[in-house]
Amino acid sequence: MEEDLKKLDELFDSIIEEILHPEKAGTFVNPFIEEKVRSIAGLAESLCLVTIKVAPDNMSASCTVTTQSENHKPFGADEIMRAASSAGVFCGIDEAAVNEMAEKQTVNTPVTIARGTLPVPGTDGRLKMKLSAGTEDKPVPVEKDTEICHVLQPTPGRDGMDVRGHVLTSKTGTVTDIELGEGLYRRGNRVYAEIEGNFLIRDGKYCVINEKIFDKNIDQSAGVVGFGGTIIINGNVSGRGVVRAGGSVIVHGTVSEAIIEAEKDIIIDGNSFESSISASGGSIKGREFKGCTIVAGGSITADALRDCTVKSVYSIDCMTGMGNIVGGEIYCAGNINCVLVGTREHSETRIVMGNHEEFSGEIEKLGKQIGRIEADVAKITAQVNEIHEREKEGTASLEDKSFLDAALRIRTQKAAEKAPITEKMKKLSDIVKIAEKATITAKTMMYGGTILNIGGFTQIINADRPHATAKSNGSAIVLI
């Protein structure tokens, strides 16, 4: 085809030359012009014109071979490929379509000869649930370490490319994670039940609740009501009733002359009278407590504390309801916030706060334990290093190798022993920091008869409205 086009160009050039300079042909009308024109016309009819059209989005290209004669000169696949290259089409060439077009000599009909590749987005992460979560009314029981779900990670996408070779960037899938509620733990991309209990959705979170519900009042006749998880009592606890839980205790009633003990939190909707209430590892929340012994490893929140013996590690908050702290003995390492303290009759109320000697002493003991563990680890590490050196020199004995295995196991055990002690030290240190800045705040009144011991400094409040601020070890009395 290129030779034909070259020949055609030469004929056009000669005709133009003769028309412009007829004197060179020896006559005004060249008798050979008509013959040359006929040759040009015949050659033009036999030629094929290859046209490449690219779509506006560059995602496809079509080829049309145009000719005016059924007896056109045949064209080949290489001519189509050269035309595509000239048009800037390099990628996604459909060689089968090109070859078929050349074999069948398809003319005057557009044929798609190239297609781009669309980008493929990555898949989003998702939760592959092994169990369907229950509801509060219909929970799903599970055993400890039961697999709950598999968190599938997102996958990257696959980039695309248009027919001109431009890369079309794909989109990576989004991460889908699970917000764990209580009773669940994660290992890698899999979630398991931490405890035996009921698998359900609570407050929008998946959780395993280890709880036992009592739809009745509890008294001495029920014996000791015990459970390893959470105990929920839809009634009262009275008449020397005893409730002990490895988790939390929730009482939707009153507590009177009873014993309630929990490893975690205790929540009492009603008032409490003449009872022993202890949450060793959690907080206590209730309304009015009268004549009770209350011990909380966390904080205590109440409407009133009347004639109670109270110990709270973190704080006491009596800012709702009457907000009274009246009579009894109150011990708190941290802050105390209340509406008023004492009565107009100047009833004796003893409050000790900010005293952290007990915690500081425990920290010192734990520090010595850690020191001994670290000394043992250092000794074992030195012995291990010596054996490693002998191994490099090729002088290590079988006894050395046997000792090495045992030493590494012991070192790992020592590290495991150190971790909980370090965690406990941190917790106690945080308590000491709170105690060093402990403040008692009385919103309305601190009556006479109130004995305050703040960080070892004792002050007896003997006026209905003292206007002085007593400070000791950075702690203070604040009347607002």
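Keep in mind the model is a prediction, meaning the values are calculated, not measured.

J.: Is there a simple way to explain the sheet that holds strand β9 (residues 184-187) in this structure?
T.: Strand-to-strand pairing in sheets goes through backbone hydrogen bonds, with the strands running parallel or antiparallel. In space, the 4 strands of this open sheet follow the order β4-β6-β10-β9, with antiparallel pairing throughout. For this open sheet the edge positions go to β4 (126-129) and β9, each flanked by a neighbour on one side alone. Within this sheet the neighbouring strands show an average axis-to-axis angle of 25°, counted without direction. As defined by bridge partners, strand β6 (residues 147-152) adjoins strand β10 (residues 190-193) across 3 bridges and the pair is classed as antiparallel. Bridge pairing links C149 to V191 in β10.

J.: Looking at this structure, how should I read the pairing of strand β2 (residues 60-67)?
T.: Looking along a regular strand, one sees side chains alternate from face to face of the sheet. A large share of β2 lies buried, amounting to 6 of its 8 residues. The hairpin turn running from strand β1 (residues 48-54) into β2, its antiparallel successor, is 5 residues long, and N58 in that turn takes a positive phi close to 60°.

J.: Sorry if this is basic, but what is going on with the pairing of strand β25 (residues 293-296) here?
T.: Only one face of β25 is buried: it carries I294 and A296, and the other face, with T293 and V295, is open. Here strand β22 (residues 276-279) runs beside β25; their pairing, made up of 4 bridges, is parallel. Paired with S276 across the two strands is T293, which belongs to β25.

J.: Got a minute to help me understand helix α3 (residues 77-86) in this structure?
T.: Within an α-helix, residues lying three or four positions from one another point in the same direction, as the helix has 3.6 residues per turn. Those residues of α3 that fall on the buried side of the exposure criterion are E79, I80, A83 and A84. One face of α3 carries all of its buried residues, which in axial projection span an arc of 140°. Lining the buried residues of α3 we find β1, β2, α4 (95-104) and β3 (111-115). One or two residues past the end of α3 sits G88, with phi positive at roughly 85°.

J.: What should I look at first to understand the packing of α3 against α4 in this one?
T.: In a pair of packed helices, the angle between the axes and the distance between the axes together describe the arrangement. Their axes nearest at 8 Å, the elements α3 and α4 cross at an angle of 130°. Overall, the two elements α3 and α4 adopt an arrangement that is oblique. Seen from above, α3 lies across α4 with right-handed handedness. Contact residues: A77, I80 and M81 in α3; V98, N99, M101 and A102 in α4. Of the residues contributing to the contact of α3 with α4, the split by class is 6 nonpolar, 1 polar and no charged.

J.: Explain the sheet that holds strand β11 (residues 197-202) to me, please; I cannot follow it from the model alone.
T.: Spatially, β5-β11-β12 is the arrangement adopted by the 3 strands of the open sheet, whose pairing is antiparallel. Edge positions in the open sheet fall to β5 (140-142) and β12 (205-209), since each of these has one partner strand only. Strand-to-strand, the axes of this sheet are offset by a mean angle of 35°, without reference to chain direction. Sheet topology places β11 next to β12; 5 bridges connect them, and they run antiparallel. Bridge pairing in β12 places L200 opposite C207.

J.: What should I look at first to understand the confidence of the model for the protein chain in this one?
T.: Of the residues in the protein chain, 82% have a pLDDT of 70 or more, and the chain-wide mean is 81. Counted against residues more than four places away or in other chains, residues 38-42, with its pLDDT under 50, gives 5 contacts. In this model residues 465-475 is a low-confidence stretch, pLDDT under 50, and it forms 25 contacts with partners more than four residues away in sequence or in other chains.

J.: Would you explain the side chain of S312 in this entry?
T.: Position of S312 relative to the elements: it lies in strand β28 (residues 309-312). Within the structure, S312 has its side chain in polar contact with the backbone oxygen of G298 (distance 3.0 Å). Within the structure, the side chain of S312 is placed 2.8 Å from the backbone oxygen of S315, a separation counted as a polar contact.

J.: How should I be thinking about unusual backbone geometry in this particular structure?
T.: Most peptide bonds take the trans configuration, and most residues that are not glycine carry a negative phi. Although it is not a glycine, E257 adopts a positive phi angle of roughly 50°. Turning to its location among the elements, E257 is positioned in the loop between β18 (255-256) and β19 (259-262).

J.: Any chance you could explain the environment of M446 here in plain terms?
T.: Note that M446 resides in strand β34 (residues 439-446). Assessed through its relative accessible area of 1%, M446 is described here as buried. A sequence separation of 105 residues divides M446 from V341, and the C-alpha atoms of the two residues are 4.6 Å apart.

J.: Just to check I follow, could you spell out the pattern of salt bridges for this structure?
T.: In a structure, side chains of opposite charge can pair up when their charged atoms sit close to one another. With the rule as written, the count across this model stands at 10 salt bridges. In this structure, E100 engages K104 in a salt bridge whose closest nitrogen and oxygen atoms are separated by 2.8 Å. Remark: K104 and E100 occur in helix α4; sequence separation between them is 4 residues, near one turn of the helix. Looking at K104, the relative accessible area reads 57%, which means it is exposed.

J.: Is there a simple way to explain the packing of aromatic side chains in this structure?
T.: Between two aromatic rings, the relevant description is the distance of the centres plus the angle of the planes. On inspection of all chains with the given rule, the structure shows 2 aromatic pairs. Aromatic pair Y185 and Y192: ring centres 5.6 Å apart, planes at 25°, arrangement stacked. With a centroid separation of 5.8 Å and 20° between ring planes, the pair formed by F199 and Y206 is classed as stacked. What makes Y206 partly exposed here is its relative accessible area of 21%.

The rules we used
Residues numbered from 1 in each chain as written. Predicted model: local features only at pLDDT ≥ 70, side-chain atom pairs only at ≥ 80, totals over all residues. Heavy atoms only, no water. Pairing = 2+ DSSP bridges. Helix = DSSP H or I, 4+ residues; strand = E, 2+ residues; numbered from the N terminus. Axes fitted to C-alpha atoms, helices over the stretch in contact; angles between N-to-C directions. Buried < 20%, exposed > 50% of the residue type's maximum accessible area, 1.4 Å probe, protein only. Arc of directions from axis to C-beta. Contact = heavy atoms within 4.5 Å. Parallel < 35°, antiparallel > 145°, perpendicular 65-115°, else oblique. Left-handed = near helix turned anticlockwise from the far one by under 90°. Nonpolar A, V, L, I, M, F, W, Y, C, P; charged D, E, K, R; others polar. pLDDT = per-residue confidence, 0-100. Polar contact = N/O pair within 3.5 Å; in protein donor to acceptor, adjacent residues only side chain to side chain. Salt bridge = Lys/Arg side-chain N within 4 Å of Asp/Glu carboxyl O. Phe/Tyr/Trp six-rings, centres within 6.5 Å; stacked < 30°, edge-to-face > 60°.

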